[in-house]
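# Remarks on the overall topology
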Amino acid sequence: MKYATIGTSWIAQSYINAAKFTDLWELYAVYSRSDETAGTFSERNGIQKYYTDLNKLSEDKQIEAVYIASPNALHYEQSKKMLLARKHVICEKPATVTTEEYIELKNLADSMGLIYTEAIMSMHVPALDILKEHIKKIGRISSAHFVFCQLSSKYPGLLNGTVPNIFNPDLCTGALMDLGVYNLYLIAELFGTPLTVLSDSSFLHTNADHTTSAIFKYADFQLTLTCSKIGQGFAQSEIIGDQGTIGIDSISQLTGITLRKAKQKEIAILVPFEEDRTEIMSHEAKFFYDCIADKSNKERYEHFHETAIKVRSLCDLLRKQNNFPF
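The following refers to the structure shown. (Residues numbered from 1 in each chain as written. Predicted model: local features only at pLDDT ≥ 70, side-chain atom pairs only at ≥ 80, totals over all residues. Heavy atoms only, no water.)

### A look at unusual backbone geometry
Inclusion rule: Numbering of helices and strands runs from the N terminus, with a helix taken as a DSSP run of H or I at least four residues long and a strand as a DSSP run of E at least two residues long.
A cis amide bond, omega -15 degrees, links K93 with the succeeding residue P94. Following the sequence through the fold, P94 ends up in the loop between β5 (88-92) and α5 (99-111). Of note in the backbone geometry, R86 takes a positive phi value of approximately 65 degrees without being a glycine. One can find R86 in the loop between α4 (75-84) and β5. Unlike most non-glycine residues, C172 shows phi in positive territory, near 60 degrees. Relative to the elements of secondary structure, C172 occurs in the loop between α7 (155-159) and α8 (175-191).

Listed below in structure tokens is the structure:
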């Protein structure tokens, strides 16, 4: 199936590599605002077709689907444009800034017989089913903590006086939108919508959040969330029960998952730690293809959207509680 990419960042390259890994996708064209960047990126990936005009890309009948990896603030507009051009869309997280935008695009896709989804690798890896299975083995859950603290490679530039995209709130970015989305997906998928949420964010001089934390209250346990882009964390996320504890090294990839039973020294490795993103990301590319090619995948597709809407709603709430500028 022929597809195009909007964006030429490292994440776009990672998705291209992952889609190629599946043997299901053919990269047909790429888009960048810069002719030089688009040309270089297309040549690097062994294709000749590239665009610097989104209208022309949308009019190309050879393109069946589009992967969008532009700045967050452009996701809604570009996704809508491609859907109206009758192209299936997979958009990098966060697919939209608000819940209302997400629901609108999902309904638009449905009305046109198209597939619209978010690129979030953790929801499609086999490790998610392994995690769900072993949660049943740790007894009554008393608490959980999901942490994703990753020192941004763009942080030195910020300290030197520039404003990188990832720290520019005009582009709807920051720790919550970049990292916290992964935490929220796992929270929504495993435990659903909490009864109450209490949160706090700390902001840079650009007014982008560099750290956001929250406490999610469920009927009989509490879960805490922490995400930060100005410090590198090394602690595992944990789900703690009265019969054991599950540890997770990577919230975004669901790798490095361990199980330690209460009063036992042995640690079972459920999912080894893995740094190669290609195979991990390939599952979201395959999910996208399967949803287009196989209508029997509808139940899984709809379940994903139910979770995505819960995530959007939680994200809306956290931003409102902390007076985000967007």
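The rest of the description comes next.
### Considering the side chain of H134
Quick reminder of the rule: Think of it in three bands: with a 1.4 Å probe and only protein chains considered, a residue is buried below 20% of the maximum accessible area for its type, exposed above 50%, and partly exposed in between. Pairs of N or O atoms within 3.5 Å make up the polar contacts considered here, provided that, within protein, one atom can donate a hydrogen while the other can accept it, and that residues adjacent in sequence are counted only when both atoms are side-chain atoms. Every residue pair with non-hydrogen atoms within 4.5 Å of one another is taken to be in contact.
For H134, the position within the fold is in helix α6 (residues 127-135). Overall, the relative accessible area of 12% leaves H134 in the buried class. Within the structure, the side chain of H134 is placed 3.0 Å from the backbone oxygen of I130, a separation counted as a polar contact. Those residues in contact with H134, other than ones at most four positions away along the chain, are I246, L259 and L270.

### Digging into the packing of aromatic side chains
Quick note on the threshold: Side-chain rings of Phe, Tyr and Trp, where Trp is taken by its six-membered ring, are said to pair if the distance between their centres is within 6.5 Å; with planes under 30 degrees apart they count as stacked, over 60 as edge-to-face, and otherwise as tilted.
Summed over all chains, the structure comprises 15 aromatic pairs. Ring centres of W25 and F288 lie 5.3 Å apart, and the angle between their planes is 15 degrees; this geometry places the pair in the stacked category. You can see W25 sitting in the loop between α1 (10-22) and β2 (26-31) and its partner F288 sitting in helix α9 (residues 277-293), a full 263 residues away along the chain. On the numbers, 6.3 Å between centres and 65 degrees between planes, the contact of Y155 with F167 is edge-to-face. Of the two residues, Y155 sits in helix α7 while F167 sits in the loop between α7 and α8, which places them 12 residues apart along the sequence. Each member of the pair, Y155 together with F167, is buried. Here the aromatic cluster, defined as three or more aromatic residues joined through ring pairs, consists of Y3, Y15, W25, Y67, F288 and Y289.

### Re the nonpolar core
So the rule is basically this: What makes a nonpolar core is a set of buried Ala, Val, Leu, Ile, Met, Phe, Trp, Tyr and Cys residues whose side-chain atoms join them at distances within 4.5 Å.
Among the nonpolar cores identified, the biggest contains 101 residues, and L131, L184, L186, F216 and I239 are the most heavily contacted of them. Considering each element in turn, this core owes the most residues, 13 residues, to α8. Not counting residues within four places of it along the chain, the set of residues in contact with L131 comprises L186, L190, I239, I246, I248, L254 and I257.

### A few points about the pairing of strand β8 (residues 196-203)
The condition that has to hold: When DSSP finds at least two bridges between two strands, those strands are taken to pair.
Pairing of β8 with strand β9 (residues 209-217), which is carried by 8 bridges, proceeds in the antiparallel orientation. When the bridges of β9 are listed, T196 appears paired with K217. The turn joining β8 and β9, which pair antiparallel and follow one another in sequence, is formed by 5 residues; a positive phi near 80 degrees is taken by N207.

### What to know about the pairing of strand β10 (residues 222-228)
With 5 of 7 residues buried, β10 is to be regarded as a mostly interior element. Relative to β10, strand β7 (residues 141-149) runs parallel, the two sharing 7 bridges. Following the sheet pairing, C149 is matched in β10 by S228. Of the strand pairs in this sheet, β9 and β10 are connected by 7 bridges, and their pairing is antiparallel. Each bridged residue has a counterpart across the sheet, and for T211 the counterpart in β10 is S228. Turn length for the β9-β10 hairpin, with the two strands adjacent in sequence and antiparallel, is 4 residues.

### Digging into a negative patch on the surface
What counts is decided by this rule: For patch building, the residue pool is restricted to those with more than 30% relative accessible area and no salt bridge; the joining distance is 9 Å between like charges and 5 Å between nonpolar side chains (Val, Leu, Ile, Met, Phe, Trp, Tyr). Per-residue accessibility takes into account occlusion by the displayed protein chains alone, with areas from the Shrake-Rupley method and a 1.4 Å probe. By definition here, a salt bridge exists when the distance from a side-chain nitrogen of Lys or Arg to a carboxyl oxygen of Asp or Glu is within 4 Å. We treat Lys and Arg as the positive residues and Asp and Glu as the negative residues; His and chain ends play no part in the count. Where a charge sits is defined by one atom per residue type, namely NZ (Lys), CZ (Arg), CG (Asp) or CD (Glu).
Among the surface-exposed residues, E274, E275, D276 and E279 lie close enough to one another that they form a single negatively charged patch. Within the secondary structure, E279 is located in helix α9. Overall, the relative accessible area of 45% leaves E279 in the partly exposed class.

### Concerning α8
Going by this rule: In a helix, the anticipated span is given by 1.5 Å times the number of residues less one. Note that bend, as reported per residue, equals the angle between axes fitted to the 7 residues terminating at that residue and the 7 residues originating from it.
Under the 1.5 Å per step criterion, the end-to-end length of α8 is 22 Å for 17 residues, consistent within 8% with the ideal 24 Å. The sharpest bend along α8 comes to roughly 45 degrees, located at V181. With respect to burial, α8 is a largely interior element, 17 of its 17 residues being buried.

### Some thoughts on the pattern of salt bridges
Within this structure, the stated rule accounts for 11 salt bridges. In this structure, the salt-bridge partner of D178 is K93, at a minimum N-O distance of 3.1 Å. One end of the pair, D178, is in helix α8; the other, K93, is in the loop between β5 and α5, with 85 residues separating them in the sequence. We note that D178, like K93, is buried.

Spatial relationships are all this shows, so hold off on functional conclusions.
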